[in-house]
Amino acid sequence: MLNRYPIWKYLIVLIVVIGGALYASPNLYAPDPALQIAGESSGTMIDERLLSRATTALDDASIAHFGEIIEPGGRSALIRLEEQETQLRAQAVVSRALGDGYIIALNLAETTPDWLTGVGGQPMKLGLDLSGGVHFKLEVDTAAAIERRMEYYLNATKRSLREERIRGFVGLDGDRAVLGRFRSEDLREQARSLIADAFPELLLDRVDEEDEFLIFARMTDVTVDEIIDYSVSQNLTTLRNRVNELGVSEPLVQRQGRNRIVVELPGIQDTAEAKRILGKVANLEFRLVANADAPAAERQRFEYRSEDRQGATEYLERDVIITGERVSNAQASFDQNGRPNVQISLDSEGGTLMSRATRNNIKRRMGVLFIERKYRTRYEMDENGEEVAVKVPYDEKKLLTAPVIQSALGAQFQITGLDNPLESSELALMLRAGALAAPITFVEERTVGPSLGAENIRLGVKSVQYGLALVVLFMVLYYRVFGLCAVTALTANLVLLVAIMSLLGATLTLPGIAGIVLTVGMAVDANVLIFSRIREELGNGLSPQMAIHSGFERAVATILDANITTLIVAVILYAVGTGPVKGFAVTLSVGIITSMFTAIMGTRALVNLIYGGRRVETLAIGRIPKMGDAA
Amino acid sequence: MKIINFMGKRRLAAAFSVLLILTALGSLAVKQLNWGLDFTGGTLVEVHYADSADLNAIRSTLADGGYAGAIVVSFGTDRDVLIRLPDGYSDAQGTEMLETLQGASGVNVELRRIEFVGPQVGDELREQGGLAMLLALGLVMLYIAFRFQFKFAVGAVVALIHDVIITLGFFSIIGLEFDLTVLAALLAVIGYSLNDTIVVSDRIRENFRKLRKAEPLEVVNISLSETLGRTLVTSLTTLLVLLSLAVFGGEMINGFAIALLVGVMIGTYSSIYVASNVLLSMGVSKEDLMIPIKEGAEQDDLMP
């Protein structure tokens, strides 16, 4: 008998739809407004006593709250609030009650029941345009990173030539090459083998001039790319650490393109504070304190940073041993004599460099420089003859401390000789927060207010509802019972779309909602194709069962072709698009896939259930074209 | 079934399309697009007044406050105001501006949204958007050429370019702001128009194989007539939901909805007239479609 699905096909459709409903359901549970309490430094633990201080303060201010919980690990705690409006006031109350040293962040606590979370159910994440928050786009100054590396090559070359007593002139040639000039070919050859051993990644070129022998040590494109990649990924890590200081729930720190980093902070409204913490351009340098007899060209004078040692200075060597980005961890503690110190761990390359530098310099002192990027304002005339302010960045370098090297240092060592515990904890914090491998600039900044976000959701949901209602009305009027089947499939399609988006952890944005609305409109296309085929076949005189069968079968090839081409477009959009384009592409591609399933298998299952396997005289599919009549 | 002689008016349609494209290109050249913040760079601030806002008062407040070249328009309601500043950005500009406005007005002013975008991002986005479109077109052409035949690929891509240019031209003529969401809409137009064109092409291919004696022009007319019902119904349902989006979706999504509304209408027209017209001009014949024998066999298998 025609048009009867085997039981397993019905089961597949049923299971998919029920599964879809299950995984879409977390979105029905509206999150509670909440406060998140975390320590300012990562070592701070949150205990019951602290939590009760916070809740007592809330009680005193008569702000309704519930479900207080300390997160596993004890690093943060969550207090749920009854009303959204009290969130800001509650934040102020709690931060006053706890005092400095804690970050009180506005948060949204999920209310998905445990059994749903247990099977992997979670609501869709909302983009900033729907939840409110700040979006920053930062650009990493990769040119500065390259420049810094060239300086390192230059200094290292100079030093090893000096150590081997090879006389010659060494300088920079452009921004990509170190240039060496020598009196004899023999000297140049010695220099060449030195450089080749130390830096195999450099490309060496020899040029002979009248009475001089030149060598160019050039950075290859591969090396340059490596430096750029390294500096961007290092900055990414550092920014992540800094974002954690803000205590935001679900922040996003993501690389975009060659040298851009996107930071999204949902729920944050205080952009000034966020920018201050993110943009804190600071770095550290470890350099040896210069010997008294060092030539003036090889040493540099620095002031101490701390107030107590105002005016005191120290001469340091020009060569940098390592910079702050090699530090993987730092902890303030005390040595066996009870004096404050800082325990430092370096990454492997940092460890090698450090041990090489310290092995021969025991009993000498090592200076720790703190470098901060600051801006000077200069006024210039622009092309219209108007005076414009130009901000010129410069690095301010000050000495933090200059302890004595007690033994050869490796990847793990400690800095002692610090004045007080305050100094050691501050130094540890600076080292741990990490330093930027290259300066960053803010190229884009967007803030969406929370009320606007909520309104965007409201309007989005409303337009989906009305759009769906209009389609339902039209389809049922035009295709009768078949229209009803299509509409049921369409609804299932929406549920599946939401379920897959939730499962994928995709972020729903405003253009994403627009994508869903468009999917509603276009998803019926597959059904329309099938139904108009069935009408045609009926018009050609086929029996109802034959018409259903052939209508479905023949429309499938067309549906596949049409949808695959659209899918190609959606996938490309996702690959190259950013922001709204990406959000839209995700919903569109998921929508295309789910609509193919619901339109082909879902509708068929329904139609089969209603009409299949029995004698049917007529089909309720609207007007059937007769010969000589338009479809 | 009544066969409508669509292709009888193919020259007229071609003239119409060329006219539309020339108008669009002309406007794009002369008036250009009203690039949104994403492309030009600058600062955009949306504020919400507790009471209805006086735009002129806001303008003069801003001019006095040293914000030169500020464009102030109402946004949706009379309480929501959108302020656009050309380049020239300082860290605290948004909050500062809010304070200025708050000071000048007697009511509460709420900052709803602030966006600062450097112009450099704009250049890159323009490149990236253009690249995305070219790539999409290229791959689509490959797929169609592989599944159908080269002439169909050309037809579909010409139809796509036709739709995109005319939709862009519409934005240029009306002066609607062209931002990233509108770009997303434009790419959706590509998807929609393609969907439509493929359905028609599919029927043309089928009919070439089925109606062996018919002339190409006849085949195209028959195919268009057969699919007309479906084309119109799909356009209608899509337009219905887009209308709902335009009316209820809020200001931020308005440009998106309008772009799609125009795009879908143009796309519907182009799937009937442009793609098939190109096919006929390229002299499509049933021989073109007889080559992939394997595919024909597959098709037959699908029939009962």
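Rules used in this analysis
Residue numbers here run from 1 along each chain, matching the order of that chain's written sequence. Here every chain gets a letter starting at A, and every ligand a number starting at 1, in the order they are written. Local features are withheld for residues below a pLDDT of 70 in this predicted model, meaning they are given only at 70 or higher, and side-chain atom pairs are given and counted only at 80 or more; totals for whole chains, interfaces and linings count all residues. Computation of side-chain values covers all heavy atoms of the structure but excludes hydrogens and water. Helix and strand assignments come from DSSP, with helices taken as H or I runs of at least 4 residues and strands as E runs of at least 2, each series counted from the N terminus. The globule rule used for comparison is 2.2 Å times the number of residues to the exponent 0.38, while the radius of gyration itself is calculated over C-alpha atoms. In this scheme, a residue with accessible area under 20% of its type's maximum is buried, one over 50% is exposed, and one in between is partly exposed, where area comes from a 1.4 Å probe on protein chains only. Two residues form a contact once any of their heavy atoms are found within 4.5 Å. Per-residue and other accessible areas follow the Shrake-Rupley method at a 1.4 Å probe size, with only the shown protein chains counted as cover for residues. When charges are tallied, Lys and Arg are placed among the positive residues and Asp and Glu among the negative ones, while His and the ends of the chain are skipped. For this purpose, a charge sits on NZ of Lys, CZ of Arg, CG of Asp or CD of Glu. In this description, strands pair whenever DSSP reports at least two bridges between them. Only residues above 30% relative accessible area that lack a salt bridge enter a patch, with like-charged residues linked at up to 9 Å and the nonpolar side chains Val, Leu, Ile, Met, Phe, Trp and Tyr linked at up to 5 Å. Salt-bridge detection follows one rule: a side-chain nitrogen of Lys or Arg within 4 Å of a carboxyl oxygen of Asp or Glu. UniProt positions are given in the numbering used here, feature names are shortened, and annotations may be inferred rather than shown by experiment. Just so you know, the domain bounds were taken from an automatic or database domain assignment. Joining two parts hides part of their accessible area as seen by a 1.4 Å probe, and the buried area is that hidden amount summed over both. Contacts described as polar in this section are N or O atom pairs within 3.5 Å, which, within protein, must combine one atom able to donate a hydrogen with one able to accept it, while residues neighboring in sequence count only if both atoms come from side chains. Classification used: nonpolar for Ala, Val, Leu, Ile, Met, Phe, Trp, Tyr, Cys and Pro, charged for Asp, Glu, Lys and Arg, polar for all others including Gly. Axis lines are fitted to C-alpha atoms, over the contacting stretch for helices. Their N-to-C directions set the angle, which ranges from 0 to 180 degrees. When two rings of Phe, Tyr or Trp (its six-membered ring) have centres within 6.5 Å they constitute a pair, described as stacked for plane angles under 30 degrees, edge-to-face for angles over 60, and tilted for the intermediate range. The rule for a charge over a ring is simple: NZ of Lys or CZ of Arg within 6 Å of the ring centre, and within 35 degrees of the ring normal. Relative orientations are named as follows: roughly parallel for angles under 35 degrees, roughly antiparallel for angles over 145 degrees, roughly perpendicular for angles from 65 to 115 degrees, and oblique for any other angle. Handedness of a helix crossing follows the sense of rotation of the near helix relative to the far helix, less than a right angle counterclockwise being left-handed and clockwise being right-handed. Definition used in this section: a nonpolar core is a set of buried Ala, Val, Leu, Ile, Met, Phe, Trp, Tyr and Cys residues joined via side-chain atoms within 4.5 Å.

1. Looking at the overall build of chain A
Alright, step 1. Looking only at helices and strands, chain A features 15 helices and 23 strands.
Alright, step 2. Compactness check: chain A gives a C-alpha radius of gyration of 34 Å against a globular reference of 25 Å for 631 residues, more than 25% above the reference.
Alright, step 3. Overall, the C-alpha framework of chain A stretches about 110 × 80 × 60 Å when taken along its three principal axes.
Alright, step 4. Buried positions account for 50% of the 631 residues belonging to chain A.
Alright, step 5. When contacts within chain A are restricted to residue pairs at least 6 apart in sequence, those whose partners lie at least 24 apart make up 73%.
Alright, step 6. Carbon and sulfur atoms provide 53% of the accessible area of chain A, an area that totals close to 29,600 Å².
Alright, step 7. Between the centroid of the 66 positive side chains of chain A and the centroid of its 77 negative side chains there is a distance of 3 Å.

2. Examining the pairing of strand β10 (residues 213-219) of chain A
All names here are of chain A.
Alright, step 1. Counted residue by residue, β10 has six buried out of seven residues, so it is predominantly covered.
Alright, step 2. The pairing of strand β8 (residues 177-182) with β10 spans six bridges and is classified as antiparallel. Opposite R181, over in β10, you have L214 as the bridge partner.
Alright, step 3. Pairing geometry for strand β9 (residues 202-208) and β10, over seven bridges, is antiparallel. Across the sheet, the residue bridging to V207 is L214, located in β10.
Alright, step 4. Following β9, the chain reverses through four residues before pairing antiparallel with β10.

3. Overview of a nonpolar patch on the surface
Alright, step 1. The grouping of I7, W8, L11, I12, L14, I15 and I18 of chain A at the surface amounts to a nonpolar patch, some 750 Å² of accessible area in total.
Alright, step 2. Turning to its location among the elements, I18 of chain A is positioned in helix α1 (residues 7-24).

4. Points about the UniProt feature "transmembrane region" (unreviewed entry) in chain A
Alright, step 1. As annotated in UniProt, the feature "transmembrane region" (unreviewed entry) corresponds to residues 7-25, 463-479, 486-506, 555-577 and 583-607 of chain A in the numbering used here.
Alright, step 2. Strand forms 0% of residues 583-607 of chain A and helix 100%; the C-alpha atoms that close the span are 34 Å apart.

5. Section: the domain arrangement of chain B
All names here are of chain B.
Alright, step 1. With domains assigned, chain B is organised as domain 1 (6-35 + 121-288) and domain 2 (42-117).
Alright, step 2. Spacing between the C-alpha centres of domain 1 and domain 2 amounts to 40 Å.
Alright, step 3. If you look at the interface, domain 1 gives five residues, while domain 2 gives five residues.
Alright, step 4. When the area that domain 1 buries against domain 2 is broken down by residue, the three leading residues are E177, E251 and M252, summing to 77%.
Alright, step 5. Counting the contacts that link domain 1 with domain 2 gives one salt bridge.
Alright, step 6. We note a salt bridge from E177 to R84, for which the minimum N-O separation is 3.2 Å.
Alright, step 7. Put simply, domain 1 and domain 2 have one residue pair in polar contact (both at pLDDT 80 or more) between them.
Alright, step 8. Each residue belonging to the side of domain 1 that touches domain 2 can be placed in one class, and the counts come to three nonpolar, no polar and two charged.

6. A closer look at the domain arrangement of chain A
Alright, step 1. Under the domain assignment used here, chain A contains domain 1 (7-26 + 451-611), domain 2 (32-109), domain 3 (143-223) and domain 4 (281-419).
Alright, step 2. The gap between the C-alpha centroids of domain 1 of chain A and domain 4 of chain A is 61 Å.

7. Brief notes about the interface of chain A and chain B
Alright, step 1. Listed as interface residues are 71 residues of chain A and, on the opposing side, 72 residues of chain B.
Alright, step 2. Between chain A and chain B lies a buried interface of about 6,100 Å² when both sides are counted; carbon and sulfur atoms form 66% of it.
Alright, step 3. Among the ionic pairs, D561 of chain A bridges to R147 of chain B, the shortest N-O distance being 2.7 Å.
Alright, step 4. Where chain A meets chain B, there are 19 residue pairs in polar contact (both at pLDDT 80 or more).
Alright, step 5. Where the side of chain A that touches chain B is concerned, the elements lending two or more residues are β6 (133-140), β22 (440-448), α12 (450-504), α13 (510-539), α14 (544-576) and α15 (579-611) of chain A.
Alright, step 6. If one sorts the elements of the side of chain A that touches chain B by residue count, α14 of chain A sits on top with 18 residues.
Alright, step 7. Classifying every residue of the side of chain A that touches chain B by side-chain character gives 38 nonpolar, 16 polar and 17 charged.
Alright, step 8. Across five bridges, β22 of chain A lies against strand β5 (residues 109-117) of chain B in antiparallel orientation. Residue E444 of chain A lies in a different strand from β5 of chain B, and its bridge partner there is V117 of chain B.

8. Observations concerning the sheet that holds strand β4 (residues 102-109) of chain A
Backbone hydrogen bonds hold the strands of a sheet together, and the pairing may be parallel or antiparallel.
All names here are of chain A.
Alright, step 1. An order of β2-β3-β1-β4 is seen for the four strands of this open sheet, with the pairing classed as antiparallel. Bordering the open sheet on either side are β2 (65-70) and β4, each of which pairs with just one other strand. If you compare each strand with its neighbour and ignore which way they point, the axes differ by 20 degrees on average.
Alright, step 2. Alignment of strand β1 (residues 32-39) against strand β3 (residues 76-81), held across five bridges, turns out to be antiparallel. Following the sheet pairing, L35 is matched in β3 by I79.
Alright, step 3. Across the sheet, helix α2 (residues 48-60) is in contact with β1, β2, β3 and β4; its angle to β2 comes to roughly 165 degrees.
Alright, step 4. Where helix α3 (residues 87-98) meets the sheet, it contacts β1, β3 and β4, and its direction lies at approximately 150 degrees from that of β4.

9. Quick word on the packing of aromatic side chains
Alright, step 1. In total, this model carries 20 aromatic pairs over all chains according to the counting rule given.
Alright, step 2. Between F16 of chain B and Y269 of chain B, the aromatic rings sit 5.6 Å apart at their centres with planes inclined by 85 degrees, giving edge-to-face as the arrangement. Of this pair, F16 of chain B sits in helix α1 (residues 10-30) while Y269 of chain B sits in helix α9 (residues 254-281), placing them 253 residues apart in sequence.
Alright, step 3. Aromatic pair F170 of chain B and F171 of chain B: ring centres 6.3 Å apart, planes at 80 degrees, arrangement edge-to-face.
Alright, step 4. Relative accessible area serves as the criterion here: at 28%, F170 of chain B is assigned to the partly exposed category.
Alright, step 5. With relative accessibility at 1%, the residue F171 of chain B sits in the buried group.
Alright, step 6. Feature note: the residues F474, Y478, Y479, F482, F531 and Y611 of chain A constitute an aromatic cluster, connected by ring pairs.
Alright, step 7. One residue, R535 of chain A, lies across the ring of Y478 of chain A, its end atom 4.5 Å from the ring centre.
Alright, step 8. Its end group placed over the ring of F148 of chain B, R205 of chain B keeps NZ or CZ at 4.1 Å from the ring centre.

10. Points about the packing of α12 of chain A against α15 of chain A
Residue and element names in this part refer to chain A.
Alright, step 1. It is the contact of α12 with α15, at a shortest axis distance of 7 Å, that shows an interaxial angle of 140 degrees. Here α12 lies oblique to α15, going by the angle between them. For the pair α12 and α15, the crossing hand works out as right-handed.
Alright, step 2. Residues that form the contact of α12 with α15 fall into these classes: 18 nonpolar, eight polar and no charged.

11. A closer look at the packing of α12 of chain A against helix α8 (residues 216-248) of chain B
Packed helices, taken two at a time, are described by their axes: the angle between them and the distance between them.
Alright, step 1. Here α12 of chain A crosses α8 of chain B at 155 degrees, and the two axes come no closer than 8 Å. Considering their axes alone, α12 of chain A and α8 of chain B lie roughly antiparallel with respect to each other. The handedness of the crossing between α12 of chain A and α8 of chain B comes out as right-handed. Touching L459, K462, S463, Y466, G467, L468, L470, V471, F474, M475, Y478 and Y479 of chain A of α12 of chain A are V233, L236, T237, L240, V241, S244, L245 and F248 of chain B, all from α8 of chain B.
Alright, step 2. Partitioned by chemical class, the residues of the contact of α12 of chain A with α8 of chain B number 15 nonpolar, four polar and one charged.

12. A short note on the sheet that holds β10 of chain A
Residue and element names in this part refer to chain A.
Alright, step 1. Sheet architecture is open: four strands sit in the order β7-β8-β10-β9, paired in antiparallel fashion. Each of the sheet's edge strands pairs with one partner strand only, and the pair in question is β7 (169-173) and β9. Taking the axes of each pair of neighbouring strands and ignoring which way they run, one obtains an average angle of 20 degrees across the sheet.
Alright, step 2. Its contacts with the sheet place helix α6 (residues 142-163) against β7, β8, β9 and β10, and it is angled at close to 170 degrees to β7.
Alright, step 3. Together, β8, β9 and β10 form the strand contacts of helix α7 (residues 185-198), whose direction differs from that of β9 by roughly 175 degrees.

13. Remarks on the nonpolar core
Nonpolar side chains tend to gather and get buried jointly when the protein is soluble and globular.
Alright, step 1. In this structure, M475, F482 and I534 of chain A together with I144 of chain B are the most contacted members of the largest nonpolar core, which totals 135 residues.
Alright, step 2. Judged by nonpolar contacts, the second largest core, of 39 residues, contains A145, Y153, F182 and L265 of chain A.

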